[in-house]
Amino acid sequence: MLSREDNELLTRVGPGTPMGALLRCFWQPFAMSSELPHADSDPIRVRLLGEDLVAFRDSNGAVGLLQNNCPHRGASLFFGRNEEGGLRCVYHGWKFGADGTCLDMPNEPAESDFRAKVRAVAYPVEDRGGVLWAYLGPAPAPNLPELEWTRVPESHRYVSKRIQFCSFLQNVEGEVDSSHVSFLHSKQNSLADSAGIKADPGSQLPDYMARDRAPRFFVLPTEYGMMIGARRDAEVDSYYWRITQFLMPSYTMIPSPVGAPLSFTGATPIDDERMMGFTVTWHPDRPLATNEVAQIESWLGVHTEVDSRTFIPLRNRDNDYLVDRSLQRSKRSYTGIRGIREEDLAVQEGMGPICDRTIEHLGSADLAVIATRRRMLDAVGALSERGEVPYEARNAEAYRVRSAALVLPRSVEWNVGAADALLATR
Ligand code: FES
Ligand SMILES: [Fe+2]
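Values in this document were obtained by computation on a predicted structure and should not be read as measured data.

What about the pairing of strand β2 (residues 44–48)?
Working step 1: Residues I44, V46 and L48 line the buried face of β2, whereas the alternating positions R45 and R47 sit on a face that is not buried.
Working step 2: Relative to strand β3 (residues 51–57), β2 runs antiparallel, the two being bridged by five bridges. Looking across to β3, one finds that I44 is bridged to A55.

Structure below.
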């Protein structure tokens, strides 16, 4: 469990909060690149870390991310005219560039230099990996983390975005908690089979997960966050290891069998009680195969089917994720909910918008959850008490890692035996 104070500390992310300050040291994925499809396309509303913003792509293709309220008298720039290299407020015509410069102030006398004194609050944006990233922290911005999926051709990856109605921390904790897989997700393959989807080997839950449902957890700190090893018995002389990566501040990679497409999730806080989830499947060496994309778009895995405008999952808390109790009784599904992501949503959102961690009872299977919180609390403390910027935030190259699920001899240390499988090659 956590004290009420620590729970507050970890989950309050707005301007001026300690966790908000920590998160602002890192780049945050905040939209699909396709939400701003071309130069001068329609602006979009963005709420990020409790701040209301507007994003637009200017005439040269550069993306601006401005505070929603016009610096003149506060009209929403969402209604602005995106034209000729800037976003023009429709109230009195002031116009701002992607970097916040005021480019035009047509309701002031031509000889006035007032324009030079006004700037819109603007945050740096990068467009990489099919995703728009924002940096809301103190200048200068660090380099973008060199995540492998952002370095492969577009054909090698599949990216999806969803809105989740809970604190980002509930998603991060779910991703690092490898022990729930033997329960919550234990029957999804039988659903995939019955839906006529030929699951590729990469998506088959190995028998080991069902045979040994009480994994031992091991945690190793790394230069980017930490590595979590969940060890299950395999054969008499081997263990089945599922190695999950936690990358500061809120990215995770859940394991795939070596050689199969890999998996990433980023949890970006919208505010204290909502988040955007970016899930990526990629293969470092080849385009995703047609059957792999078809499987993703069966929406039975970690990607979820969303409303194309709002990004709210179609199976969601308002319709109880379309839980089918007869399916649950049939033993073909542990939950009666279709889709691994929807199962995760049901438990993560079901905790309430901010989980009350003062009432938990954490056991040895929760080691990774405990360690993740500790890592974040230490980083929050170092920044707020001593002004120490987390070194991960300035260590972009360290993010070139993968997760892996593999069988290793019992005599081999997991981080040594898996070392090659955990290194990104792109
Ligand atoms: S409020 Fe935007 S130009 Fe006046
Ligand atoms: Fe899960």
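Having put the structure on the table, let's press on.
What about the sheet that holds strand β5 (residues 81–83)?
Working step 1: Overall, antiparallel pairing links the four strands, which are arranged β5-β6-β7-β8 in an open sheet. Taken across any chain shown, the strands that pair with only one partner, and hence form the sheet edges, are β5 and β8 (102–104).
Working step 2: With two bridges joining them, strand β6 (residues 86–88) and strand β7 (residues 95–96) adopt antiparallel strand pairing. Paired with R88 across the strands is K95, a residue of β7.

Concerning the confidence of the model for the protein
Working step 1: Summary statistics for the protein give a mean pLDDT of 94 and a share of 96% for residues scoring 70 or more.
Working step 2: Ignoring residues within four places in sequence, the model shows residues 199–203, a span with pLDDT below 50, making eleven contacts including any to other chains.

Some remarks on the sheet that holds strand β10 (residues 131–134)
Working step 1: On the basis of which strands lie adjacent, the open sheet formed by three strands has the order β1-β10-β9 and antiparallel pairing. Where the open sheet ends on each side, the last strands, each with one partner, are β1 (28–32) and β9 (125–128). Across the sheet, the mean angle separating the axes of adjacent strands is 30 degrees when strand polarity is ignored.
Working step 2: Sheet topology note: the β1/β10 ladder contains four bridges and is antiparallel. Directly across from M32, in β10, lies its bridge partner V131.

Some points on helix α9 (residues 367–386)
Because each turn of an α-helix spans 3.6 residues, side chains separated by three or four positions end up pointing in the same direction.
Working step 1: Look at α9: 27 Å from first C-alpha to last across 20 residues, which is about the 28 Å you get at 1.5 Å a residue.
Working step 2: Remark: G387 follows α9 within two positions and exhibits a positive phi of approximately 70 degrees.

Concerning the packing of aromatic side chains
Working step 1: Applying the stated criterion across every chain yields a total of 14 aromatic pairs.
Working step 2: The ring of F78 has R45 sitting right over it, with the charged end atom 3.9 Å from the ring centre.

Overview of helix α3 (residues 168–176)
Working step 1: The buried fraction of α3 amounts to nine of the nine residues, a majority that puts the element mostly inside the structure.
Working step 2: Those residues of α3 lying buried are F168, L169, Q170, N171, V172, E173, G174, E175 and V176.

A word on the nonpolar core
Side chains that are nonpolar tend, in soluble globular proteins, to be buried together.
Working step 1: Counting 83 residues, the largest nonpolar core has M19, F30, L48, L65, L147 and F168 as the members making the most contacts within it.
Working step 2: With eight residues, α9 is the largest single contributor of residues to this core.
Working step 3: Summarising the domain contributions, this core has at least three residues from each of domain 1 (27–134) and domain 2 (148–417).
Working step 4: Not counting the four nearest positions on each side in its chain, L48 is found in contact with Q28, F30, L53, L65, A134, L136, T268, P269, I270 and M276.
Working step 5: Among the nonpolar cores identified, the runner-up in size contains 15 residues, and W94, F96, A98 and M105 belong to it.

Points about the state of the cysteines
Cysteine pairs can be linked by a disulfide, which is a covalent bond between their two sulfur atoms.
Working step 1: Going through the model one piece at a time under the given rule, you end up with zero disulfides.
Working step 2: No disulfide involves C166; its sulfur sits 9.6 Å from the nearest other cysteine sulfur, which is in C355.
Working step 3: In this structure C166 comes out as buried when scored by relative accessible area, which is 0%.

A few points about the pairing of strand β16 (residues 262–271)
Working step 1: Judged by how many residues are buried, β16 sits mostly within the fold: ten of ten residues are covered.
Working step 2: Bridge count between β16 and strand β17 (residues 274–282): nine bridges; the pairing is antiparallel. Each residue of the ladder has a partner; that of S263, found in β17, is T281.

Brief notes about the domain arrangement of the protein
Working step 1: Domain annotation for the protein reports domain 1 (27–134) and domain 2 (148–417).
Working step 2: Its C-alpha centre places domain 1 at a distance of 34 Å from the equivalent point of domain 2.
Working step 3: Counting residues at the interface gives 16 residues for domain 1, matched by 16 residues for domain 2.
Working step 4: Regarding the contact of domain 1 and domain 2, the summed buried area is about 1400 Å², with carbon and sulfur atoms giving 62% of it.
Working step 5: The interface formed by domain 1 and domain 2 contains two salt bridges.
Working step 6: Salt-bridge contacts for K161 lead to E35; the nearest nitrogen and oxygen are separated by 3.0 Å.
Working step 7: Linking domain 1 with domain 2 are eight residue pairs in polar contact (both at pLDDT 80 or more).
Working step 8: Elements with a minimum of two residues in the side of domain 1 that touches domain 2: β1, β2 and β10.
Working step 9: Ranked by residues supplied to the side of domain 1 that touches domain 2, first place goes to β1 with five residues.

How each quantity is defined
Residues numbered from 1 in each chain as written. Chains lettered and ligands numbered in written order. Predicted model: local features only at pLDDT ≥ 70, side-chain atom pairs only at ≥ 80, totals over all residues. Heavy atoms only, no water. Buried < 20%, exposed > 50% of the residue type's maximum accessible area, 1.4 Å probe, protein only. Helix = DSSP H or I, 4+ residues; strand = E, 2+ residues; numbered from the N terminus. Pairing = 2+ DSSP bridges. pLDDT = per-residue confidence, 0-100. Contact = heavy atoms within 4.5 Å. Axes fitted to C-alpha atoms, helices over the stretch in contact; angles between N-to-C directions. Expected span 1.5 Å × (residues − 1). Phe/Tyr/Trp six-rings, centres within 6.5 Å; stacked < 30°, edge-to-face > 60°. Lys NZ or Arg CZ within 6 Å of the ring centre and 35° of its normal. Core = buried A, V, L, I, M, F, W, Y, C linked by side-chain atoms within 4.5 Å. Domains from an automatic or database assignment. Disulfide = S-S within 2.5 Å. Buried area = accessible area lost by both parts, 1.4 Å probe. Salt bridge = Lys/Arg side-chain N within 4 Å of Asp/Glu carboxyl O. Polar contact = N/O pair within 3.5 Å; in protein donor to acceptor, adjacent residues only side chain to side chain.

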